Amino acid sequence: MMAWCFNYIALVILAVFLIANPVLSEEATCAAGECPEAIDPSCPPRGHIIVCAAEYLDVNKNGKLDRSELEDALDSLPWYARGVLKILGSVDAIMKKCDYDGDGAISMDYDMEASKETCLATCFKRKAFKSAFFPDCDLVAPKA
């Protein structure tokens, strides 16, 4: 009887541990396909950059990065961080590469999708853009 009671208590403790342990619970959730993809800091995906740009740089929240918002973001960089312009280019260069429809604003949906071959096309540029404007952003793009 004593052995049975001990086994029962051990089983209850194990069950409580498994339920309460967030690491194991997260692994189970990820195994079920509900885990968000981790952001690789050496090569952040374009979707991550777009979501973060919408959150941090789209001041008027219209779903577009207007030329003035981009200029303000670049102007807000400290002098020692402006080396990012060597990587990304001037406001004119960024607009030329990313404003696919030429309306003077980079829409987070249409322009960014249509310009994926020219706008933030490399890991190096995405990493530079993220580190300059929103280094702590951990938002994940919604799955399509």
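Presented here is a report on the structure given in the accompanying data block. This is a predicted model, so every value here is computed, not measured. (Residues numbered from 1 in each chain as written. Predicted model: local features only at pLDDT ≥ 70, side-chain atom pairs only at ≥ 80, totals over all residues. Heavy atoms only, no water.)

## Some words on the packing of aromatic side chains
Any pair of aromatic rings gets described here by the distance separating the centres and the angle formed by the planes.
Working step 1: If you walk through the whole model with that rule in mind, you get five aromatic pairs.
Working step 2: Plain terms: the ring middles of Trp-79 and Tyr-80 are 5.7 Å apart, the flat faces sit at 85 degrees to each other, and that makes the pair edge-to-face. Of the two residues, Trp-79 and Tyr-80, neither departs from the other in class, the shared state being exposed.
Working step 3: Between Phe-129 and Phe-134 the ring centres are 5.8 Å apart and the planes differ by 75 degrees, which places this aromatic pair in the edge-to-face class.
Working step 4: For Phe-129, a relative accessible area of 5% translates into the label buried.
Working step 5: For Phe-134, a relative accessible area of 1% translates into the label buried.
Working step 6: Taken together, the ring pairs connect Tyr-56, Phe-129, Phe-133 and Phe-134 into an aromatic cluster. (Phe/Tyr/Trp six-rings, centres within 6.5 Å; stacked < 30°, edge-to-face > 60°. Buried < 20%, exposed > 50% of the residue type's maximum accessible area, 1.4 Å probe, protein only.)

## Some points on the pattern of salt bridges
Working step 1: Evaluated as defined, the whole model comprises four salt bridges.
Working step 2: A salt bridge links Arg-67 to Glu-71, with the shortest nitrogen-to-oxygen separation between them at 3.9 Å. With Arg-67 and Glu-71 both in helix H4 (residues 67–75) and four residues apart, this pair spans about one turn of that helix.
Working step 3: Judged by relative accessible area, Arg-67 falls into the partly exposed class, the value being 31%.
Working step 4: We note a salt bridge from Asp-92 to Arg-67, for which the minimum N-O separation is 2.9 Å. One end of the pair, Asp-92, is in helix H6 (residues 91–98); the other, Arg-67, is in helix H4, with 25 residues separating them in the sequence. (Salt bridge = Lys/Arg side-chain N within 4 Å of Asp/Glu carboxyl O. Helix = DSSP H or I, 4+ residues; strand = E, 2+ residues; numbered from the N terminus.)

## Some remarks on the state of the cysteines
Working step 1: In this structure the tally under the stated criterion is three disulfides.
Working step 2: The disulfide partner of Cys-43 is Cys-123, and the gap between their sulfur atoms is 1.8 Å. Taking the sign of the S-S torsion, -60 degrees for the link of Cys-43 and Cys-123, the bridge is left-handed. Of this pair, Cys-43 sits in the loop between helix H2 (22–31) and helix H3 (46–56) while Cys-123 sits in helix H8 (residues 123–133), placing them 80 residues apart in sequence.
Working step 3: Here Cys-43 falls in the partly exposed class, since its relative accessible area comes to 21%.
Working step 4: Judged by its relative accessible area of 29%, Cys-123 is partly exposed.
Working step 5: The side chain of Cys-98 participates in a disulfide bridge whose partner is Cys-119; the two sulfur atoms lie 1.9 Å from each other. Where Cys-98 bonds to Cys-119 through sulfur, the torsion about that S-S bond is close to 90 degrees, and the disulfide is right-handed. With a gap of 21 residues between them, Cys-98 in helix H6 and Cys-119 in the loop between helix H7 (110–114) and H8 connect regions that are remote in the sequence. (Disulfide = S-S within 2.5 Å.)

## Details of the nonpolar core
Soluble globular proteins tend to pack their nonpolar side chains together in the buried interior.
Working step 1: Among the nonpolar cores identified, the biggest contains 26 residues, and Leu-57, Phe-129, Phe-133 and Phe-134 are the most heavily contacted of them.
Working step 2: For this core, the secondary structure elements donating two or more residues are H3, H4, helix H5 (84–88), H6 and H8.
Working step 3: Setting aside anything within four residues of it in sequence, one finds Leu-57 in contact with Cys-52, Leu-65, Glu-69, Ala-73, Phe-129, Phe-133 and Phe-134. (Core = buried A, V, L, I, M, F, W, Y, C linked by side-chain atoms within 4.5 Å. Contact = heavy atoms within 4.5 Å.)

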